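Single-letter residue listing:
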Amino acid sequence: MDYDAIVVGGGHAGIEASLALSRIGFKTLLITQNLDAIGRLSCNPAIGGLSKGNIVREVDALGGEMAHLIDHSMIQYRILNRRRGPAVQAPRAQADKFTYARLAKETLESEHNLSLFMDTVVDFLLDPTGKRLTGVITERQHTISANVVVLTTGTFMEGKIFIGEYDAPNGRLDEPSAIGLGTNLRKKGFPVGRLKTGTPARVRKSSLDFDKMEVQDGEELMMPFSFDYDSINRPQVPCYITWTNEKTHAIIRDNIHRSPLYGGKIVGTGPRYCPSIEDKVVRFPDRNRHQIFVEPEGIGTEEMYLNGISSSLPEDVQWDFVHSIEGLEHAQIMRPAYAVEYDFINPQALYPSLESKLVENLFIAGQTNGTSGYEEAACQGLMAGINAAQKLKGEPPLVLSRNEAYTGVLIDDLVTMGTKEPYRMFTSRAEYRLNLRHDSCDQRLTEKGFRVGLQSEESLSRLRQKLEKMETVKDLLRQRKLADKSAIQALKMPEVTMASLQESIPELSGFEEPIKYQVELDVKYEGYINRQERQINRFEKLESLHISQDFDYDALDGLSTEGKEKLKLVRPISVGQASRISGVRNSDIALLIVHLDRGGHRER
Amino acid sequence: MCCKHTVQNSILTPMREYVTDDIIYALATPWAQSALAVIRVSGEGCKALLATRFSRPKSLKEAGNATLVHGYLQDEAGKKIDEVVAAVYTEGHGYTLEEALEFSCHGSLAVIKEILSLFSQLGMRSAEGGEFTFRAFLHGRLDLTQAEAVQELVVSQSERSRALALGRLEGSLKERISSLKQQLMQIMAAVEVQLDYAEDELDEFVFPRTQLVDLIAQLHHLSETYQVGKLYKSGARIVLAGSTNAGKSSLFNLLLKQERSIVSPINGTTRDYIEADLSIEGIPIRLYDTAGLRESSDSVEREGIKRTERLIGQADLVVFLVDSTLMGHVPEEDERTLVVYNKSDLAKPPKGKLAISAQSGEGVDRLLHEISTRLTSGFSVSADELLIIESERQYQLLNASEEALGRALTLVDEDIPLDITAVELGEALDNLGQLTGEVTPSDILETIFSGFCVGK
């Protein structure tokens, strides 16, 4: 074997997968079409956001890299949804896209177990059974063997971009797509489909009239995404807000027939949660304006990103509607908005480890699995890397549960239900989001990262210190009295905060803010967390009823036809997972429980 | 929010013992002498098996779905047991969605016994309680509310209760709960979109408080019907009380339209109490005729009076009869006590008071109506309500849902962050989901995407 592992693709999934494999100790090769495009922020120049910020911190707690990259490239930091409660607030940062990508490549290059190679993978090598992967074939006819392969193709597999009547075989504007792999995967029986996404135009900063826009500054204090250090301090730049208007909408409506989306040229399904401006105008005709965030793409560039008006309309129409917007009247469009359509593989064809059910030793992660977003890609890349390493070690895969990480929710959703549109994480996808707070990711995941060989002893002892300090603060609050009750009971009341307690308990000022913040939340949310805990116990009961992978659903009488078909397709690892498959009925689940209870196929 | 886990449910607890691949049979009508009885058989191969004991084997074997075959069930030797009509259901049809037969036979106990033993000799298995329903549920014929309604249908005691159970089967309860669920999902979507998107991406948020208050009221109304449902299902106890010789036994007999207690003009004839079941305007009633209340030196009678007092303590309604010719002690009317003046044919009762003559039957209709009115008076919903909750489980789930929404409303009014309010809304939705079917996070997202313009 040439390598222990090959990672195909150098995007956000490929970075995490290749770092995980090489850091755990495996000789790894990363193959990318373009070494200069590693870690590119192809769409908006920001990392984090609601539930996505949590994912970044989960990746960090497990020993991934994304948090470090954004911490050292951010040019604005904000905490979103402060007023809506700690369970849903999350950090988001604007990135300097050049710094981000440069740091990503530097980090890969600094790993001695990791090699980088520029070429395009066009096919897989299989052993004579056709069911086990042994390597890859590249465009320049290299045959490279490896024990495991992680596939992270992003939008490049048979990618095609659209700008009005114009289309081109690109994965990003003017970057050639990977032709051949998608076709070969189809031939091998992989369930390949098409999805679509889009990006807005970039305009030149000096051509914009910021006086007509609202300024949006970052927080005064930047907080790191990573748990590895307590503070970061970088210069911040503002974003701006402006709005479309009736004139903009009229231009779009008048030219809607020229959109490849409405003209039927694009067959892939786009994301409903992030519609193009033409979608918004058509679907919400009553709204007289839509918001646009004008975000810097970096330091040392004049390009500004027009967040909120992605489009696939022809460039002359884009030109007109952009110029109809306040503050953008004289905007110089540097890159046009465009839509991109690409191949994805139905993730129901994967095990929860992200290994393919069709071909052993093949792991698939990121946009290839039908997701959207850098964070969604990164957490899958990390899990695919970890599980490919587990496989190489002959150890069981690491599967995160829905109640311990958004990453667990994401992967379970994908492999159980598949997706019909680019899948993005939302807090509402998680049943137990009170438990998935971003500030406590380390408590849930650091040790798991350590056990698979990715987290350091140092991180683990840092976590222990944090937990000890939190216990000390809690003890202090238990001992002190405030009027007739203990300080910890007082803290449960809405009007009492840690800051107000500090007046009567001055010792509290000796503890770091994050420690005090977490204690405050733990105490205030205790009742709700306990209630959720009971739900979780019920949930875990079904999760713990394991179904073996070779379970013979045909031999089980009484299953509904549709249920049987879906169960055979998904091959759930537990009754809990089975119960989340659409098309599987309660009666099918009942039958499964009855059957498993009788012995036979139970595994613990 | 995922609530497909409703499988850990009462219906499923006993089924762990059930086998599903054999032929089961059971008498579907009560074990009693009657004109007709129905015996039900379900399981693959039952047609062919029973054809071997049928006078027209070919017709039975080849009968299509939903057809009737007339003939005789006969024993091994070919001796006719009974003339029957077999209703035939092929696989995928009928109640259990299995191949099934329903024999209508003569309702004599001797015939029923003989047929059941014939079936047993054929190797079929006598079904356990609820097993037909279980098979129907297993084959996806029924959802949980429907399955429960079937059980209730079987045990329902009165006409009204039966009509209610039938209504549920047709899915009217399911529709009502679905509508409540829809309304709750709209509220949830409004909240969840605030949690899924950043504040600066959305319009100013106002909690849909009016909708929540309205929904709580609707839930309350539906769960209140449980009291009514319970009354029609389990019935009420009514005690006839009053001084000796006030005519309690005459009224008792009149109501039962049969001579059951000893009616005589001598004071204190009814020394103990007698009970009987009847139905008043659809409500199953257990009626107690008691010993007259008066001081007595007779120890047997004293004991009878003691029991009367205990019965009165447990009654849902006490009908206190006053002898209009003697008057004497007249108790205060209250919620549980209905004072009725008897012997209106002999003496004029006080004006405006409820008067009857147990002898002539005069005023009894008014009394019956008054009893029914009294029994249903505490309810905020009328007994004419088309949808009535009868199962304890449904009641508890509706109640739990209502309570969670009540807590959500408090949180909203106290201006507590939305992530907590969302927990309560989720719990309410989970409880509703357990009644008719799950609500998944994707259902909520679907509602969000269809109603809100979101996304940068």
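Every chain is numbered on its own, with residues counted from 1 as its sequence reads. Lettering for chains starts from A, numbering for ligands starts from 1, and both go in the order in which the items are written. The model is predicted, so local features are restricted to residues of pLDDT at least 70 and side-chain atom pairs to those at 80 or more, both for listing and for counting; the totals for chains, interfaces and linings are taken over all residues.

Selection rule: UniProt positions are given in the numbering used here, feature names are shortened, and annotations may be inferred rather than shown by experiment.
Per an unreviewed UniProt entry, chain A carries the name tRNA uridine 5-carboxymethylaminomethyl modification enzyme MnmG and comes from Sphaerochaeta halotolerans. Recorded in UniProt for chain A, the comment headed Subunit (unreviewed entry) runs: "Homodimer. Heterotetramer of two MnmE and two MnmG subunits."

## Re the overall build of chain A
Applied cut-off: Numbering of helices and strands runs from the N terminus, with a helix taken as a DSSP run of H or I at least four residues long and a strand as a DSSP run of E at least two residues long. The size measure is the radius of gyration over C-alpha atoms, and the globule rule it meets is 2.2 Å times the number of residues to the 0.38 power. Any residue with 12 or fewer other C-beta atoms within 10 Å of its own C-beta is exposed, any with 20 or more is buried, and the rest are partly exposed; the C-beta atoms used are placed from the backbone. Working definition of a contact: two residues with C-beta atoms, positioned from the backbone, lying within 7 Å.
Counting secondary structure elements, chain A contains 19 helices and 26 strands. Against the 2.2 N^0.38 benchmark of 25 Å for 604 residues, chain A shows a C-alpha radius of gyration of 25 Å, consistent with a compact globule. Along the longest, intermediate and shortest principal axes, the C-alpha atoms of chain A span 75 × 70 × 50 Å. For chain A, the proportion of its 604 residues judged to be buried stands at 54%. Contacts in chain A between residues at least 24 apart in sequence constitute 72% of all its contacts with a sequence separation of at least 6.

## A word on the sheet that holds strand 11 (residues 337–342) of chain B
All names here are of chain B. Note the threshold: Strand pairing follows a simple DSSP-based rule, namely that at least 2 bridges must link the two strands. Here an axis means a line fitted to C-alpha atoms, over the contact stretch when the element is a helix, while the angle between two N-to-C directions is reported on a 0 to 180 degree scale.
Across the sheet, 5 strands lie side by side as 8-9-7-10-11; this open sheet has mixed pairing. Every other strand in the sheet has two partners, leaving strand 8 (274–280) and strand 11 as the edge strands with one partner each. Averaged over neighbouring strand pairs, the angle between their axes works out to 25° when direction is ignored. Where strand 7 (residues 236–242) meets strand 10 (residues 317–323), 5 bridges bridge the pair, whose relative direction is parallel. In the strand pairing of strand 10, V239 is matched with V318.

## Thoughts on the domain arrangement of chain A
The line we're drawing: Domain segmentation is taken from an automatic or database assignment of domains.
When cut into domains, chain A gives domain 1 (3–194 + 343–452), domain 2 (202–340), domain 3 (457–529) and domain 4 (545–600). Taking the mean C-alpha position of each, domain 2 of chain A and domain 4 of chain A sit 46 Å from one another.

## What to know about the sheet that holds strand 6 (residues 125–126) of chain B
Residues and elements named next belong to chain B. An order of 3-4-5-2-1-6 is seen for the 6 strands of this open sheet, with the pairing classed as mixed. Across the chains shown, the open sheet's two edge strands, defined by having one partner strand only, are strand 3 (67–74) and strand 6. Pairing of strand 1 (residues 24–27) with strand 6, which is carried by 2 bridges, proceeds in the parallel orientation. Across the sheet, the residue bridging to Y25 is S126, located in strand 6. Across the sheet, helix 4 (residues 109–121) is in contact with strand 1, strand 2 (36–42), strand 3, strand 4 (80–89), strand 5 (100–106) and strand 6; its angle to strand 4 comes to roughly 65°.

## Quick notes on the pairing of strand 21 (residues 338–345) of chain A
Put simply, side chains in a regular strand alternate between the two faces of the sheet. Residues and elements named next belong to chain A. Taking burial as the measure, the 8 residues of strand 21 include 8 buried ones, the bulk of the element. The two faces of strand 21 match: Y338, V340, Y342 and F344 on one face and A339, E341, D343 and I345 on the other face are all buried. Where strand 10 (residues 160–163) lies against strand 21, 3 bridges are found, and the strand directions are antiparallel. Bridging across to strand 21, F162 finds its partner in A339. In this sheet, strand 21 lies alongside strand 14 (residues 192–199) in antiparallel orientation, the contact comprising 8 bridges. Note on strand 21: the bridge partner recorded for T199 is Y338.

## What to know about the nonpolar core
Let me state the cut-off plainly: As used throughout, a nonpolar core is a set of buried Ala, Val, Leu, Ile, Met, Phe, Trp, Tyr and Cys residues joined through C-beta atoms within 7 Å of each other.
If you look at the biggest cluster of nonpolar residues, it comprises 205 residues, and the most contacted ones within it are A5, I6, I70, V149 and V150 of chain A. Broken down by element, this core gets its largest block of residues, 12 residues, from helix 8 (residues 172–196) of chain B. In this structure, this core is formed jointly by two domains, domain 1 (3–194 + 343–452) and domain 2 (202–340) of chain A, each of which donates at least three residues. Within the second largest apolar cluster, 29 residues are counted, among which are Y25, C105, F119 and A127 of chain B.

## Comments concerning the confidence of the model for chain B
Residues and elements named next belong to chain B. For clarity, the threshold we go by: The pLDDT value tells you how sure the predictor is about a given residue, anywhere from 0 up to 100.
Confidence along chain B averages 78 in pLDDT terms, with 75% of residues attaining 70 or more. Contacts from residues 1–17, a stretch scored under 50 in pLDDT, to residues over four places away or in other chains number 43 contacts. Between residues 261–268, whose pLDDT stays under 50, and residues either more than four places distant or in other chains, the model counts 21 contacts.

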